[in-house]
Amino acid sequence: MTQSIYLRPIALAESPQSEEGAAVRLAGGLVYASRFALIVREGGRIVSRDRYGVRELEAALPGLPEEAREQWADLQRVHPPLQCGARTIRLDQPQVMGILNLTPDSFSDGGEFLDKPDVANAHAAAMLEAGAAIIDVGGESTRPGAPAVWEGDEIKRVIPAIERLAAAGAAISVDTRRPAVMEAALAAGAQVINDVSALRHDPRSLEFAARSGAPVVLMHAPGPADDLHADGSYGDVVLDVFNWLRARRDAALAAGIPREKIVLDPGIGFGKSVEENLALLNALPLFHALGQPLLVGASRKRMIGALSHEAPAHQRLGGSLTLALKALDAGVQLLRVHDVAETVQALRVWRGLRDAALTDFAQLPTD
């Protein structure tokens, strides 16, 4: 029976000196881990879970399976910046991706910006001014039950906005599942492909993405390419999503997409219950063991309403910020959000706390 190995950080530290050096820096960022669980799974069942401190794990590594050694290295992999045209997006610190939905039916702001170029321009400009590193432009709602959009209509929705943003020098990602839209968006000035189907929706997508040379975001969704929210059945949601993302990473690599251009997204809210979303958010540090930068999009998601008396989407700011901070504490590099100014402010305060922890340490008593 095939074994699967998972090396999950289970204790985070404010700084390496707080653990007298017995903490490792996750993904070259601002988060440190001091304890780890080595999980072994066989046939969908966890058969062992051993816990290690950093020094114990380093001593045990020579006798552990190769996959454990690879994940140990990947947990500490330093990610180069994303190059978005003239813009360089550093990944040694968290960044905010602002959402621009040009749709009539997105769950949070559908219709607010579609066919209203002046309003969309003003919103995009405000997100950039507030500190968004990337603007994510989408022309198709991916909420449960949303109708598919013909690629011609999707192109018509997103291209004018992308052209305007490109003229302003913004870093731009296009949120699409269709290679024709990807191609048109990149030609118009977008630099990143953000595909909620992880390049599965169209068999041409992998080849096009590799040929384009653009960075790609691969998101987990359990369903087939035409119904991403379907088939959300998991033995262990955290480990199943980990396996799925590893397989999509490997498919992208095999297609010729360079490793430094692959970003992974656990797909919060896609084919997952509230409990499953919470489990994934609590386990985010594990996903650094895949060796890729991470993106989390939990902004205004339904789970926030479910945990707060069914608050409507536009009243989920507090919950969105809580989940953003959870992702920051896990070392996630990219936060995809609706409320950019508030999230950037939270990030800056969080960054201040991190910087202070790295420079502040208790003096040992002297004789």
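As the structure is a prediction and not an experimental result, all values here were calculated from the model. (Residues numbered from 1 in each chain as written. Predicted model: local features only at pLDDT ≥ 70, side-chain atom pairs only at ≥ 80, totals over all residues. Heavy atoms only, no water.)

Here the focus is the overall build of the protein. Helix and strand content of the protein: 11 helices and 14 strands. Computed over its C-alpha atoms, the radius of gyration of the protein comes to 20 Å, within 12% of the 21 Å expected for a compact globule of 367 residues. The dimensions of the protein, computed from C-alpha atoms along their principal axes, are 70 × 55 × 45 Å. Residues counted as buried form 54% of the 367 residues belonging to the protein. Nonlocal contacts in the protein, meaning residues at least 24 apart in sequence, comprise 67% of its contacts between residues at least 6 apart. (Helix = DSSP H or I, 4+ residues; strand = E, 2+ residues; numbered from the N terminus. Rg over C-alpha atoms; globule rule 2.2 N^0.38 Å. Buried < 20%, exposed > 50% of the residue type's maximum accessible area, 1.4 Å probe, protein only. Contact = heavy atoms within 4.5 Å.)

Tallied over the entire structure, the rule returns three aromatic pairs. Considering the side-chain rings of Tyr6 and Phe242, the 5.5 Å spacing of their centres and the 75 degrees angle between planes classify their relative orientation as edge-to-face. In this pair, Tyr6 sits in strand β1 (residues 3-13) while Phe242 sits in helix α7 (residues 237-255), placing the two residues 236 residues apart along the sequence. Residue Tyr6 is classed as buried on the basis of its relative accessible area of 0%. Seen from their ring centres, Phe242 and Phe287 are 6.0 Å apart, and the 45 degrees between their planes marks the pair as tilted. Residue Phe242 is located in helix α7, and its partner Phe287 is located in the loop between α8 (274-282) and β13 (295-296); the two are separated by 45 residues in the primary sequence. No difference in accessibility class separates Phe242 from Phe287, as the two residues are buried. (Phe/Tyr/Trp six-rings, centres within 6.5 Å; stacked < 30°, edge-to-face > 60°.)

Okay, the sheet that holds strand β10 (residues 192-195) next. Taking strand neighbours across the sheet as the criterion, the eight strands line up as β12-β11-β10-β9-β8-β7-β14-β13 in an open arrangement whose pairing is parallel. Each end of this open sheet is capped by a strand with a single partner; those strands are β12 (262-265) and β13. Where β10 meets strand β11 (residues 216-219), three bridges bridge the pair, whose relative direction is parallel. Across the sheet, the residue bridging to Ile193 is Val216, located in β11. Of the strands in this sheet, β7 (95-101), β8 (134-138) and β9 (172-175) are in contact with helix α4 (residues 151-167), which crosses β8 at around 160 degrees. (Pairing = 2+ DSSP bridges. Axes fitted to C-alpha atoms, helices over the stretch in contact; angles between N-to-C directions.)

Counting residues in each nonpolar core, the largest one holds 93 residues, and the members touching the most others are Phe36, Trp72, Leu100, Val137, Ile162 and Phe287. Among the elements that take part in this core, α7 stands out by supplying eight residues, more than any other. The residues touching Ile162, leaving out its near neighbours within four places in the chain, are Val137, Ile172, Val174, Ala185, Ala188, Gly189 and Ala190. Residues Leu82, Leu91, Ile134 and Val192 belong to the second largest nonpolar core, which totals 13 residues. (Core = buried A, V, L, I, M, F, W, Y, C linked by side-chain atoms within 4.5 Å.)

The next subject is the pattern of salt bridges. Tallying each qualifying case throughout the model produces 16 salt bridges. Residues Glu67 and Arg246 are paired through a salt bridge, measuring 3.1 Å at the closest nitrogen-oxygen approach. Separated by 179 residues along the polypeptide, Glu67 in helix α2 (residues 66-75) and Arg246 in helix α7 bring together distant segments of the chain. By relative accessible area, Arg246 is classed as buried at 17%. (Salt bridge = Lys/Arg side-chain N within 4 Å of Asp/Glu carboxyl O.)

Look at α7: 27 Å from first C-alpha to last across 19 residues, which is about the 27 Å you get at 1.5 Å a residue. Within α7, the full set of buried residues consists of Val237, Val238, Leu239, Val241, Phe242, Trp244, Leu245, Arg246, Arg248, Arg249 and Ala252. Gly256 occupies a position one or two residues after α7 and carries a positive phi of about 105 degrees. (Expected span 1.5 Å × (residues − 1).)

The next point concerns the pairing of strand β4 (residues 45-53). Relative to β4, strand β3 (residues 32-42) runs antiparallel, the two being bridged by eight bridges. Within the sheet, the bridge partner assigned to Glu42 lies in β4 and is Arg45. The antiparallel hairpin formed by β3 and β4 contains two residues in its connecting segment, where Gly43 sits at a positive phi of about 55 degrees.

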